[in-house]
Each structure stands twice: as C-alpha cells, then as structure tokens.
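# Per-entry structural report
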Amino acid sequence: MNKKDLPLPQFCLLAILGGVFIAFGGLLSVVVAGGIPGVGVMNPRLVKFVAGLLFPVGLIMVSITGADLFTSDCAAFTFVSLQRKIKIQTFCKYLLLSYLFNFVGTQIVAFLLSYEVGLLDKYPWQAYLYHYCDTKVNQDFIKVFIKGIGANWLVCLGMFMGYAAKDILGKCIGIWIPVMLFVTLGYEHSIANIFFVPAAIYSGADISWFSFISQNLIPATLGNVIGGGSICWLHLLVSISQEGNGSKRKTATSLT
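Residues numbered from 1 in each chain as written. Predicted model: local features only at pLDDT ≥ 70, side-chain atom pairs only at ≥ 80, totals over all residues. Heavy atoms only, no water.

## Describing the overall build of the chain
- Counting its regular elements, the chain contains 11 helices and zero strands.
- Listing each helix as α and each strand as β along the chain from the N terminus yields α-α-α-α-α-α-α-α-α-α-α.
- Each of the 256 residues in the chain was classed as buried or not, and the buried ones make up 46%.
- Put simply, 83% of the contacts in the chain that link residues at least 6 apart link residues at least 24 apart.
- Accessible area for the chain stands at about 12700 Å²; split by element, carbon and sulfur atoms hold 70% of it. (Helix = DSSP H or I, 4+ residues; strand = E, 2+ residues; numbered from the N terminus. Buried < 20%, exposed > 50% of the residue type's maximum accessible area, 1.4 Å probe, protein only. Contact = heavy atoms within 4.5 Å. Areas by Shrake-Rupley, 256 points an atom, 1.4 Å probe, with all protein chains shown as cover.)

This is the structure we're talking about:
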C-alpha cells in the first residue's frame, strides 16, 4: 500500500488507528506487568521482560491491519525519499500528519479507555505507571535521544522482519522479537510515550505536560526520526555495495 497515494482522510484515520493499537499494547503491558509488584521487588528486570513480552501486540496489530505509525513511517518515507520518489515537502507533511493523528489515537485509549473506566487509578497499577513515567521524564536529554534511536532501529527492524514473513504467524514472530527487546531494554518510543505519560497525568501523576514534552517527547521523537532514517541509509549502502559486488563478479566472469 502506497500511503502517499491514499486520500488524506483515509491516511489520517489509519494514523488514528495506529495510535490506538500502540496504546492498547501499552495498556496491556501496564495492566499485567503492573499487577505483579511482588515480583518487581525481587527482580525488577523480570517485570520489564513481562512488559516487553506483551507490548508488541500493538505493533503486530498495526502491521497486520495496515494502520499507520509515525515511527515506522520515519523509515518508510525516508527510503522512498532517498530513491527520489517523493519530495521533501511530502516527506515532512506525512510524518507530521502521522504524528498528530497517532497522538489522537493514543489519547482515545489513555483518556477514554483507561482513565474514564478506572483501569489505572488503583494500586498497584497506578503506582507502577507513576514510577514508570516519572523515570521517563527525569532523564538527560541526550540519553533519551540515544534511547530513541535504539527504539526505532528495533521497531523498524521488526517491521522489516514482519514484511519478510510469508504468513501471519511468521509476521507476528518477526515483529515480536525486536519490539520485545526495545521495551525490555528501556528504550524510548515517542508514540508509546504519548500513551504512557498522558495516561499517568490524567490519573493524577505529578508530571506536567511541559516537563513531559521538553524532557522526554522532543528528544525521543528526534531520536526516533534519526533511528528510522539511519536504518534506511544503512540498507541503501548495503544494497549499493551488493550491486557493486555483483557487477564486479559479472565483469570477472565475462573476462574468463
């Protein structure tokens, strides 16, 4: 599906769905991982692993349904831009639209389907979410930026592996492995954070929108853009290298 050729309302709807699906994955991870505080006391890394096991459900739904996600668009639109199939204005336009409507989708889940129904307003889920988000907004800018690069390397790798699969099960496994890694390792995914931190804010966490945007969302987003774009540069360099080697082999063969 060529997203730039879609009618604008359809693209925006797909972006809303992308935000909804990622938020559902995040909500599932909070409900399950946040519900085992005893395990977290003895082995906090195990709780992160549990969250990592569950969060990929969101990206799997995005991939299988054809919904739109900003972080994977960072790679997809960079790739076609490098091939000069779209103009830079189109590249920026669709990334911005994807980001804005992913935000809308995440807020539907964060506010209506989490806060309004009371899923995250009781112990231990509220305490888990508050601690999780407080950690996110109290990091150095550069650290969040680097974590953003790592997160989108793995997310885009998951999407590439999913596209390479020949069936639904293979697609699920291909996406699940890299995404599980980024969540367990604590990297920063901007669209996921647009669910987690606002969900905490809505339920009463002592986090301001300003601190969230300035200390987490901006560096995470920049890192995601660089991560998605750089994986395309690497892919292009490898492709050029392989084509060059192929040409050399053909030349050598013709000379023998």
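## Things to note about the packing of helix 1 (residues 8–33) against helix 10 (residues 190–202)
- In contact at an axis separation of 9 Å, helix 1 and helix 10 are set at 55° when each is read in the N-to-C sense. What the angle tells us is that helix 1 and helix 10 run oblique. The handedness of the crossing between helix 1 and helix 10 is right-handed. Contacts between helix 1 and helix 10 involve Ile-22, Ala-23, Gly-26, Leu-27, Ser-29 and Val-30 from the former and Ile-191, Ala-192, Phe-195 and Phe-196 from the latter.
- Its residues assigned to classes, the contact of helix 1 with helix 10 comprises eight nonpolar, two polar and no charged. (Axes fitted to C-alpha atoms, helices over the stretch in contact; angles between N-to-C directions. Parallel < 35°, antiparallel > 145°, perpendicular 65-115°, else oblique. Left-handed = near helix turned anticlockwise from the far one by under 90°. Nonpolar A, V, L, I, M, F, W, Y, C, P; charged D, E, K, R; others polar.)

## Observations regarding the pattern of salt bridges
- Evaluation of the coordinates by the stated rule reveals two salt bridges.
- The salt bridge involving Lys-122 is made with Asp-121; its shortest N-O contact spans 3.4 Å. (Salt bridge = Lys/Arg side-chain N within 4 Å of Asp/Glu carboxyl O.)

## Describing the packing of aromatic side chains
- Within this structure, the stated rule accounts for 12 aromatic pairs.
- Consider the rings of Phe-77 and Tyr-94, whose centres lie 5.7 Å apart with planes at 20°: the pair is stacked. Taken together, the residues span a long stretch of sequence, with Phe-77 in helix 5 (residues 70–82) and Tyr-94 in helix 6 (residues 88–115) at a distance of 17 residues. Pair check on accessibility: Phe-77 and Tyr-94 agree, each one buried.
- Linked through ring pairs, Phe-55, Tyr-128, Tyr-132, Phe-182, Phe-195 and Phe-196 together constitute an aromatic cluster. (Phe/Tyr/Trp six-rings, centres within 6.5 Å; stacked < 30°, edge-to-face > 60°.)

## Details of helix 9 (residues 168–185)
- Taking 1.5 Å of rise per residue, the 18 residues of helix 9 would be expected to cover 26 Å, and the 26 Å separating its terminal C-alpha atoms lies within 8% of that figure.
- The sharpest bend along helix 9 comes to roughly 25°, located at Trp-176, with the proline Pro-178 sitting one to four residues further on.
- Those residues of helix 9 hidden inside the fold are in contact with helix 3 (44–54), helix 4 (56–65) and helix 8 (141–164).
- The opening residue of helix 9 is Asp-167, an N-cap whose side-chain oxygen sits 3.4 Å from the backbone nitrogen of Leu-169.
- Following helix 9 by one or two positions, Gly-186 has its phi on the positive side, about 80°. (Expected span 1.5 Å × (residues − 1). Bend = angle between axes of the 7 residues up to and from the residue. Polar contact = N/O pair within 3.5 Å; in protein donor to acceptor, adjacent residues only side chain to side chain.)

## Focus: the environment of Leu-54
- Mapping Leu-54 onto the fold places it in helix 3.
- For the pair Leu-54 and Ser-29, spaced 25 residues apart in sequence, the C-alpha separation works out to 5.4 Å.
- Residues contacting Leu-54, with those up to four places away along its chain left out, are Gly-25, Leu-28, Ser-29 and Val-32.

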